[in-house]
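Examination of the molecular architecture
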Amino acid sequence: MAGTVKGNCDPKFAALRDEFERNFAERGEVGASVCLSVNGETMVDLWGGVANAATGDAWQENTVSIVFSCTKAATALCAHILIDRGLLKRSALVSDYWPEFAKNGKEKTTVQMMLNHESALPALRAPVKPGGFNDWDYMIGRMEDEEPFWEPGIRNGYHMVNFGWTVGELVRRVSGKSLGTFFAEEVAGPTGARFWIGLPDSEKPHIAPILTYVPKDGDVPTEFTQLLMTDPASIQHLSFMNSGGWSPNDPEAHKAEIGGAGGLSNARGQVAMYTPLACNDGSLVSPDRLASMSMVSTATQRDATLLVPTRFASGFMKSMDNRAYPAGDQMTAIMGNDAFGHVGAGGSIGFADPECGLAFSYTMNQMGAGLLVNDRGQSLIDAAYKALGYRTNAPGAWVR
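Everything in this summary refers to the structure shown in the same document. Only a predicted model underlies this, so the values are computations on that prediction, with no experimental measurement involved.

Okay, the sheet that holds strand β5 (residues 65-66) next. Taken in spatial order, the three strands line up as β5-β7-β6 in an open sheet, and their pairing is antiparallel. The two strands at the open ends of the sheet, each matched to only one other strand, are β5 and β6 (195-196). Both β6 and strand β7 (residues 264-265) contribute to a ladder of two bridges, which runs antiparallel. Paired with Trp 196 across the bridge in β7 is Leu 264.

Another aspect to go through is helix α6 (residues 179-191). Along its 13 residues, α6 runs 17 Å from first to last C-alpha, staying within 8% of the 18 Å computed at 1.5 Å per residue. The axis of α6 is deflected most strongly, by about 35 degrees, at Glu 185. Residues of α6 that are buried: Leu 179, Gly 180, Phe 182, Phe 183, Glu 186, Val 187 and Ala 188. Turning to α6, the residues buried within the fold contact α2 (70-84), α4 (136-145), α5 (163-175), β6 and α10 (267-279). Just past α6, the residue Gly 192 takes up positive phi, approximately 75 degrees.

In this section: the packing of α6 against α10. Closest axis-to-axis distance for the α6/α10 pair is 8 Å, and the angle between their directions is 85 degrees. Of the possible angle classes, the one that applies to α6 and α10 is roughly perpendicular. Residues Phe 183, Val 187 and Thr 191 of α6 pack against Ala 272, Met 273 and Pro 276 of α10. A class-by-class count of the residues in the contact of α6 with α10 yields five nonpolar, one polar and no charged.

Before going further, it helps to spend a moment on the side chain of Thr 109. Along the polypeptide, Thr 109 turns up in the loop between α2 and α3 (111-115). Relative accessible area serves as the criterion here: at 1%, Thr 109 is assigned to the buried category. Excluding residues within four positions of it along the chain, Thr 109 makes contact with Ala 92, Leu 93, Val 94, Phe 101, Met 114, Ser 119 and Pro 152.

Disulfides are covalent bonds that connect the sulfur atoms of two cysteines. Per the stated rule, a full pass over the model turns up zero disulfides. Cys 9 provides the cysteine sulfur closest to Cys 35, a residue in no disulfide bond, and the two sulfurs are 11 Å apart. This cysteine, Cys 356, is not joined by any disulfide, and Cys 279 carries the nearest cysteine sulfur, 10 Å off.

A negative phi angle is the norm for most residues apart from glycine, just as the trans form is the norm for most peptide bonds. Here Phe 68, not a glycine, exhibits a phi torsion of approximately 45 degrees, which is positive. Mapped onto the fold, Phe 68 is located in the loop between β5 and α2. Look at Phe 68 and you get buried, because its relative accessible area is 7%.

The next point concerns the pattern of salt bridges. In this structure the tally under the stated criterion is 22 salt bridges. A salt bridge links Asp 45 to Arg 268; the nearest nitrogen and oxygen atoms lie 2.8 Å apart. Placement of Asp 45 in strand β3 (residues 41-52) and of Arg 268 in helix α10 is noted, with a sequence separation of 223 residues between them. Residue classification places Arg 268 among the partly exposed residues on the basis of a relative accessible area of 21%. Of the charged contacts, one joins Glu 252 and Lys 255 as a salt bridge, the two residues approaching to 3.4 Å between their closest N and O atoms. One end of the pair, Glu 252, and the other, Lys 255, are both in helix α9 (residues 251-255), three residues apart, so they sit about a helical turn from each other. On the accessibility criterion, Glu 252 (44% relative accessible area) is partly exposed.

So, on to the packing of aromatic side chains. Counted according to the given criterion, the structure contains 13 aromatic pairs. Their ring planes at 10 degrees and their centres at 6.1 Å tell us that Tyr 158 and Phe 312 sit as a pair that is stacked. With Tyr 158 in the loop between α4 and α5 and Phe 312 in strand β9 (residues 310-312), the pair connects residues that are 154 residues apart, well separated along the chain. Consider the rings of Phe 316 and Phe 340, whose centres lie 5.1 Å apart with planes at 75 degrees: the pair is edge-to-face. In this pair, Phe 316 is assigned in the loop between β9 and β10 (340-344) and Phe 340 in strand β10, connecting sequence segments 24 residues apart. The buried category is assigned to Phe 316, whose relative accessible area is 1%.

Let us look at the environment of Asn 337. Along the polypeptide, Asn 337 turns up in the loop between β9 and β10. Along the backbone, Asn 337 and Asn 156 are 181 residues apart, and their C-alpha atoms lie at a distance of 21 Å. Discounting chain neighbours no more than four positions away, the residues touching Asn 337 are Lys 318, Ala 397, Trp 398 and Val 399.

Under the 1.5 Å per step criterion, the end-to-end length of α5 is 18 Å for 13 residues, consistent within 8% with the ideal 18 Å. Looking only at α5, the buried set comprises Phe 163, Gly 164, Trp 165, Thr 166, Val 167, Gly 168, Glu 169, Leu 170 and Val 171. The inward-facing, buried residues of α5 contact α2, α3, α4 and α6. Positive phi shows up at Gly 176, right after α5, with a value of about 80 degrees.

Moving on: the pairing of strand β11 (residues 348-353). Within β11, six of the six residues are buried, which leaves it mostly tucked inside the rest of the structure. Alternating residues of β11 divide into Ser 348, Gly 350 and Ala 352 and Ile 349, Phe 351 and Asp 353, and every residue in both groups is buried. Pairing of β10 with β11 involves five bridges; the strand directions are antiparallel. In the strand pairing of β11, Phe 340 is matched with Ala 352. Here β10 folds back onto β11, and the loop between the two strands holds three residues, one of which, Gly 346, carries a positive phi near 90 degrees.

Rules behind the numbers
- Residues numbered from 1 in each chain as written.
- Predicted model: local features only at pLDDT ≥ 70, side-chain atom pairs only at ≥ 80, totals over all residues.
- Heavy atoms only, no water.
- Pairing = 2+ DSSP bridges.
- Helix = DSSP H or I, 4+ residues; strand = E, 2+ residues; numbered from the N terminus.
- Expected span 1.5 Å × (residues − 1).
- Bend = angle between axes of the 7 residues up to and from the residue.
- Buried < 20%, exposed > 50% of the residue type's maximum accessible area, 1.4 Å probe, protein only.
- Contact = heavy atoms within 4.5 Å.
- Axes fitted to C-alpha atoms, helices over the stretch in contact; angles between N-to-C directions.
- Parallel < 35°, antiparallel > 145°, perpendicular 65-115°, else oblique.
- Nonpolar A, V, L, I, M, F, W, Y, C, P; charged D, E, K, R; others polar.
- Disulfide = S-S within 2.5 Å.
- Salt bridge = Lys/Arg side-chain N within 4 Å of Asp/Glu carboxyl O.
- Phe/Tyr/Trp six-rings, centres within 6.5 Å; stacked < 30°, edge-to-face > 60°.

Laid out in structure tokens, this is it:
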């Protein structure tokens, strides 16, 4: 399978290329891409395997796929650009920008609570209409009408897909542009990132269909998965299953602006977005705003949705090491202490680490077990940090 890998890799990262090839040979990879830059220089840009399992078409240089919750980082970045410009304030009430949201117990919700997954809307109780995720106005109405699952601000619980509508509507209200348009004009355009929240028809030929994970004998379910499968009234079930039939391979979903889970990109596209942040060059946000973006803003021993310890910056995931928990390797993503970014369901990830100037991303079409990074992506992250002279990742983050 090594012959399926194409692209460029600096000799310094030869071990990372070896791990990427091992993913195909030993870890069930189908099609994937990995890319990283250091201080603005692209050092690794690799892709390989099969993009479409039904046709056998190869993964090409410009192949893209749904990157699921990696999209949350793109949405959060849009909010931070507006915060940096003084147009959106983290301490302000959401109702200052979105008056219709302030009802049914959500009146005191702040912008920061939304960024922190503390706004208490991790799921929706009543069934989402068929195709509802593709209808922005409908989903915004559902956010407005829903009662919070806890008092906003007293705890955090991962907002599975709803993050894209809660934070995304703030972007729309403040900027006057849809989330996808704002991202295209203010982030993807200036950085040259092939990353879309709402895919144009011209990019359809480049899509790699997602292959869902099929449980294997011996798999140990997480507590999240157990509740998802057994309790239809749980946050876990509702946040994951109450989707109106949303499918990552639905062309209508690709066109929709689903800022919590629907972005399409590849590793190169995400690295293009993260490189200015890794370099702290001021082109997307000021150095002061970047410093705030990389800081832990909320952490808990038991996330109300994921049911494991989680750590977030304002809209971004920080390094999370839950390997000590039952099936905790499915709820783990280990980066550097200063790194911030986001994972996508099944294993994709993108992040910036300003400490070492690293922008990194891995994307794929074959989902793995769990909602965070699995052994395919983590092996690549580990190889990148080792090449940069970092020590062991215990206890929970790579350190120099």
